[in-house]
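Listed here are the chains, written in short residue letters.
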Amino acid sequence: MNGTLLTGASRRTYFYTPYSRATRWHADPANYAFGWQDEAGQWQPAYIGETANLLQRMRSHGQWQAAARQGCTHVLVNLNAGGMLARRAEEQDLIARYQPVLNSQHLKPSRPRAARNGYYRTGW
């Protein structure tokens, strides 16, 4: 099966292979993306993730239905045995580049919390 290169914000490229969701998954560590091909034949990810066990993760992924509503037809997979830190670095690099709509937990700007020095405001 043909694959595709996804390029991260760092300009590093990663090779992904598209599979149908009905694929018989194996318990491999991987980075993955739910995506579709646009009119130009380019893959567009709606969700990007990483897992230590692709079989377990794909069995009941909470974002697949939302991804299907976004038009996703395939799971793009990059087997990655480099460890959790390598998978998360790749995930973050691709999320920064593609800004997938279903990765909202990674896209919200963080706000610094006000220091409270151990005391809670009471409003009294």
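Just above, that's the structure.
Overview of the structure. (Residues numbered from 1 in each chain as written. Predicted model: local features only at pLDDT ≥ 70, side-chain atom pairs only at ≥ 80, totals over all residues. Heavy atoms only, no water.)

### Quick look at the packing of aromatic side chains
Alright, step 1. Applying the stated rule across the entire model yields five aromatic pairs.
Alright, step 2. Note on tyrosine 32 and tyrosine 47: the rings are 6.2 Å apart at their centroids and 35° apart in plane angle, and the pair reads as tilted. Separated by 15 residues along the polypeptide, tyrosine 32 in strand β3 (residues 30-37) and tyrosine 47 in strand β4 (residues 43-51) bring together distant segments of the chain. This pair shows no difference in class: tyrosine 32 is buried, exactly as tyrosine 47 is.
Alright, step 3. Through a chain of ring-to-ring contacts, three or more aromatic side chains come together here, namely Tyr32, Phe34, Tyr47 and Trp64. (Phe/Tyr/Trp six-rings, centres within 6.5 Å; stacked < 30°, edge-to-face > 60°. Helix = DSSP H or I, 4+ residues; strand = E, 2+ residues; numbered from the N terminus. Buried < 20%, exposed > 50% of the residue type's maximum accessible area, 1.4 Å probe, protein only.)

### Considerations on the nonpolar core
Alright, step 1. Tyr32, Phe34, Leu54, Met58 and Val75 are the most contacted members of the largest nonpolar core, which has 15 residues in total.
Alright, step 2. For this core, the secondary structure elements donating two or more residues are β3, β4, α1 (54-59), α2 (64-69) and β5 (74-79).
Alright, step 3. For methionine 58, the residues in contact, after removing those within four places along its chain, are Arg21, Trp25, Tyr32, Phe34 and Val75.
Alright, step 4. Listed in part, the ten residues of the second largest apolar core include Leu6, Tyr14, Ile95 and Tyr98. (Core = buried A, V, L, I, M, F, W, Y, C linked by side-chain atoms within 4.5 Å. Contact = heavy atoms within 4.5 Å.)

Shape is all these values report; function is a separate question.
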